[in-house]
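Residue-level structural notes
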Amino acid sequence: MAGGDAVERSLIDMHRILTIARLTWKSAFRYRIFWVMAVTLVAAVVGLPLVLKDDGTAKGLTQIVLTYTLSSVSVLLGFATLWLSCGTLARDVEDCQIQMVASKPIARWQIWLGKWLGILALNAMLLALSGSAIYLLLQWRSHRLPADQQKVLQDEIFVARAAARERPPDLSKEIENLAAQWAKKNPRAKPTAEEIAILKTLFANQARTNLEAVDPGYYKLWVINLSSLPARVRAQPMQMRVKFTVSDPDPAAANGRTYGMIWRVGPTNSQQAQYLEEYLPPSSFQELPLPPLLDSSGDLYVACQNIDPTEQLFFPIEDGFEVLYRESTFAVNFARGMAVILSWLALLSAIGLASASFLSFPVAAFCSLAVLIVGLSTGTLSEVQQEKSIFLGTGEKPTIVKKIIDALTVPLFDAALKVVNLVEAFSPVESLSTGQSITWGQLGLAVGQIVVLMGGFFTLAGILLFHRRELAAAQINS
Amino acid sequence: MPATLENPTSPPIENNPGRQTAADDFAGPSEAVISVRGLTKVFKDFWGRPKARAVDNVDFEVRRGEVFGLLGPNGSGKSTTVKMLLGLLHPTGGHIEVFGHSPRHVATKSLIGYLPEESYLYRFLDSRETLDFFGNLFDLPPAQRRRRTEELLEMVGLGGVRTRVVGEFSKGMQRRIGLAQALINDPELIILDEPTAGMDPIGCREVKDLILTLAHRGKTVLLSSHLLSDVEDVCDRVVIYYGGRIQAEGTLKELLAKPDAVRITMPPLPRETMQRVLDIIRHDVASEKVEVDTPSQNLESYFLEVVRKAREGLSETSGATSGSLVAAYLRGDAGAPPPAEKILQRLTQAGAPKPVPAPAAPAPAAKVDEAKLAGLAKAAEPRAAPPAPAPAPPADLAKANEKLSTLLGKRDEPRK
């Protein structure tokens, strides 16, 4: 009985939330905001490739038709979302319509959520429209490329490839070994606490280098377990994406130079193992075909022998070697990318509504746009974090005042960067442009981090502020 | 806590005025629907410093079924009080209960209809959409929402402009649609803030008639106004605000009666008869204390009659028309009960609709003199009848307004 009442009550709550959402939706149509945005977005999608000509390659086409247009759509919708979300609530308060609504049997949180949902639905519609335009344009323009570039497009862009990496090694044992060796060599040494800290760093770097380095004539083996992949995925052609650096730091010497290596793919001691000799440039990602020669337990063995006579090669632990496999189709991947962008927009609308919950329209719009600009300034935030100062590039010796200012502001920049990274950890535009899969797991994580965690924080703050606000005070003050 | 309050969706009772409504669970017929104790509101500036004391230690109660007036000049604290009753402003001090609950209690609001002092409507919605939107907030079933929307639009005279957006409406039309939205839920408590502001005299009269109809159905009405005629015509009890404080409180009869004077109204008498009557009166009362005048109907009654006659010969209008009958569900006869039941209902009802209260204050009059007496005698001769018999005329409004202005001070304070 109580359960039935709770269900009925939830339905009534939802009905009221949807009533507000429909009102928000209706206002966007009646005030022609929707149509203006739709035309602007489609014009950006269609117009940008007309203004910026691609170079006739698959990558050039992707850069213009996918990367630029998708980025433009995201930014345009981002600004519009902030503007609309600030306006829909702040204007209602300032024009006093909220008094008519709040005096009806609807809770403040329902009004707030109704507005958020209305804006989200609007964004979903606009994103679906512009996304479809981009997708169709991309398909249409791809047919005008030369045959070889069309193949590149099909193999590298119009795919949804996920990456598998070797499990990160545990460096602690290697560090302990190095420390023990050093202590054995230097039995009389009694390092200070500061020196011990430096030594630890040195040992960690050394341990890492030992695992990443491949000396001339030697080889490095990666074992990647792909047993969790479906059989049809394991049977399809794969690629390996590799990146290495060289010990010679002189860029002039390294410029244009390639380094020889022999790749061996297949189980150890297997007759079916395949060999591939390649000469590759350093410090850039390279993709090579990878036959799906997995052993019976689903492990893929890949070894790389350094055949350069002089140089050590270093394959970074994080991204030195990855196996790319087709996880899904481009269309599905594209849709998931759009869903990540929609998550960003959901967060922005929560930020806009939260500001408008206690601020007037112009102030709320200003504050929300400031938040967006901070979000787009990760480069500056990272620089401040690295330099430990907000006075970048001055080269002057810091004064006491500057030191105090840095002490106060740098932690704020650090915190801002951490928060922004939670959101920007997902870059659907880059993933789609490089044919990388945005998996369901990544999408779930994006929704969790961006919408539930970050959006939830702003939603709670906004609802709390709106609940406490005197809704008739704006009129009194005016 | 009453169960019906917890279920705001329980449909309002439509066709039986005698039946118990959800509000009955909160308060009996003589109990307070609204209870205000020591209510104070101080507006503060950005730094939290007191800026204006809009309402200052106010106490009053509104009992079930009465029409209660908040009367006062602009800026006296009426609207601030109303907004605190609705939870739109937070009191600085004091205590408010509406149907036994805090003004912020969401479910209680399903029993309230509110018309603010300006019709704050969504300009992009048309009249039908506006009522549908507010009906949705009350979670009315679609069929009921549609029926009430149609009835209310007819009632407020906007049946011909259903699909025109509210933003194109005149102020009077916006007031009408605002009034309609306040009644969409068949509320038990109707809070009307300056309901006749911006309305033409016909609309004003219709609003007042509607208030009386609602009161007859046992609804509680809180009317906030600075228009004396509005309050005088419909209110049972009033409080008079000035400077955020209550200056006077009571029934209109208590407040306006002059116990030391008697007024007799009768058809004109021949000169000799009148002289004899006056002689008899003067025998007991000093001449300067006797006032004789000819009652005149008020301008509202005269205007309404002129319009009524004009309408008989006319005509279309692109604006609001005169409202039709009060919506059936508000009259309490929705669902058209069979004639026999109707008769039974009428017979069991308390009585005829409340008449417009007779004027309690005497109309201004001249002192008795011979010329006046001659004039009165002349009036006894046959002459052209006035356009129509008027209901008992209220006092000369202009003079009464002037009187109250003098009483309360002429300064028109800035709006709080």
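Only a predicted model underlies this, so the values are computations on that prediction, with no experimental measurement involved.

Next up on the list: the overall build of chain A. What chain A contains, in helices and strands, is 17 helices and 11 strands. Along the three orthogonal principal directions, the C-alpha set of chain A runs to about 80 × 65 × 60 Å. By residue count, 44% of the 478 residues in chain A fall in the buried class. Partitioning the intrachain contacts of chain A with sequence separation of at least 6 by distance along the chain shows that 81% fall at a separation of at least 24. Measuring between centres, the 41 positive side-chain charges of chain A sit 8 Å from its 40 negative side-chain charges.

This next bit is on the nonpolar core. Among the nonpolar cores identified, the biggest contains 112 residues, and Phe60, Leu152 and Leu183 of chain B are the most heavily contacted of them. Apart from the residues within four sequence positions on either side, Leu183 of chain B is in contact with Leu152, Met155, Ile190, Leu210, Leu214, Tyr329 and Leu330 of chain B. Core analysis: the second largest hydrophobic core is formed by 46 residues, Val45, Leu126, Ala133 and Ile134 of chain A among them.

Once that is clear, we can look at a nonpolar patch on the surface. A cluster of nonpolar side chains, contributed by Val46, Leu50, Val51, Leu52 and Tyr68 of chain A, occupies part of the molecular surface with about 450 Å² of accessible area. Looking at where Val51 of chain A falls in the secondary structure, it is placed in helix H2 (residues 33-51).

On to the domain arrangement of chain A, then. Where interface size is given, it is often the accessible area lost as the parts come together that is meant. All names here are of chain A. Each assigned domain of chain A is listed here: domain 1 (2-158 + 330-477) and domain 2 (172-328). With centres defined by C-alpha atoms, the gap from domain 1 to domain 2 works out at 39 Å. Every contact between the two is made by nine residues of domain 1 and, on the other side, five residues of domain 2. Interface area, domain 1 with domain 2, both sides summed: about 530 Å², of which 31% is carbon and sulfur. Linking domain 1 to domain 2 there are one salt bridge. Between Glu327 and Arg336 there is a salt bridge, with the nearest N and O atoms lying 2.7 Å from each other. Taken together, domain 1 and domain 2 are joined by two residue pairs in polar contact (both at pLDDT 80 or more).

A few words now on the sheet that holds strand E9 (residues 299-306) of chain A. Neighbouring strands of a sheet are bound in pairs by backbone hydrogen bonds; such pairs are parallel or else antiparallel. All names here are of chain A. Ordered by their spatial adjacency, four strands build an open sheet running E3-E9-E6-E7, and the pairing between neighbours is antiparallel. Pairing within the sheet leaves two strands with one partner each, and these edge strands are strand E3 (219-225) and strand E7 (274-280). Ignoring strand direction, the axes of neighbouring strands in this sheet form an average angle of 20 degrees. Here E3 runs beside E9; their pairing, made up of seven bridges, is antiparallel. Bridge assignment links Ile224 to a residue of E9, and that residue is Leu300.

What follows concerns the sheet that holds strand E1 (residues 32-44) of chain B. All names here are of chain B. With antiparallel pairing, the three strands of this open sheet are ordered in space as E2-E1-E4. With one partner strand each, in any of the chains shown, strand E2 (50-63) and strand E4 (93-98) form the two edges of the open sheet. For this sheet, the mean inter-axis angle between neighbouring strands, taken without regard to orientation, is 20 degrees. Of the pairings in the sheet, the one linking E1 to E2 comprises nine bridges and is antiparallel in character. Paired with Phe43 across the strands is Ala52, a residue of E2. Packing against the sheet, helix H2 (residues 78-85) makes contact with E1, E2 and E4, and its axis sits at approximately 115 degrees to E1.

Moving on: helix H8 (residues 193-212) of chain A. Residues and elements named next belong to chain A. Its 20 residues give H8 an end-to-end C-alpha distance of 29 Å, which sits within 8% of 28 Å, the value for a rise of 1.5 Å per residue. Within H8, the full set of buried residues consists of Leu199, Phe203, Ala207 and Glu212. Considering only its buried residues, H8 is in contact with helix H7 (172-185), strand E2 (213-214), E3 and strand E10 (313-314).

Thresholds, definitions, all that
Residues numbered from 1 in each chain as written. Chains lettered and ligands numbered in written order. Predicted model: local features only at pLDDT ≥ 70, side-chain atom pairs only at ≥ 80, totals over all residues. Heavy atoms only, no water. Helix = DSSP H or I, 4+ residues; strand = E, 2+ residues; numbered from the N terminus. Buried < 20%, exposed > 50% of the residue type's maximum accessible area, 1.4 Å probe, protein only. Contact = heavy atoms within 4.5 Å. Lys, Arg positive; Asp, Glu negative; His and termini not counted. Charge placed at Lys NZ, Arg CZ, Asp CG, Glu CD. Core = buried A, V, L, I, M, F, W, Y, C linked by side-chain atoms within 4.5 Å. Patch = residues over 30% accessible without salt bridge, like charges linked within 9 Å, V, L, I, M, F, W, Y side chains within 5 Å. Areas by Shrake-Rupley, 256 points an atom, 1.4 Å probe, with all protein chains shown as cover. Salt bridge = Lys/Arg side-chain N within 4 Å of Asp/Glu carboxyl O. Domains from an automatic or database assignment. Buried area = accessible area lost by both parts, 1.4 Å probe. Polar contact = N/O pair within 3.5 Å; in protein donor to acceptor, adjacent residues only side chain to side chain. Pairing = 2+ DSSP bridges. Axes fitted to C-alpha atoms, helices over the stretch in contact; angles between N-to-C directions. Expected span 1.5 Å × (residues − 1).

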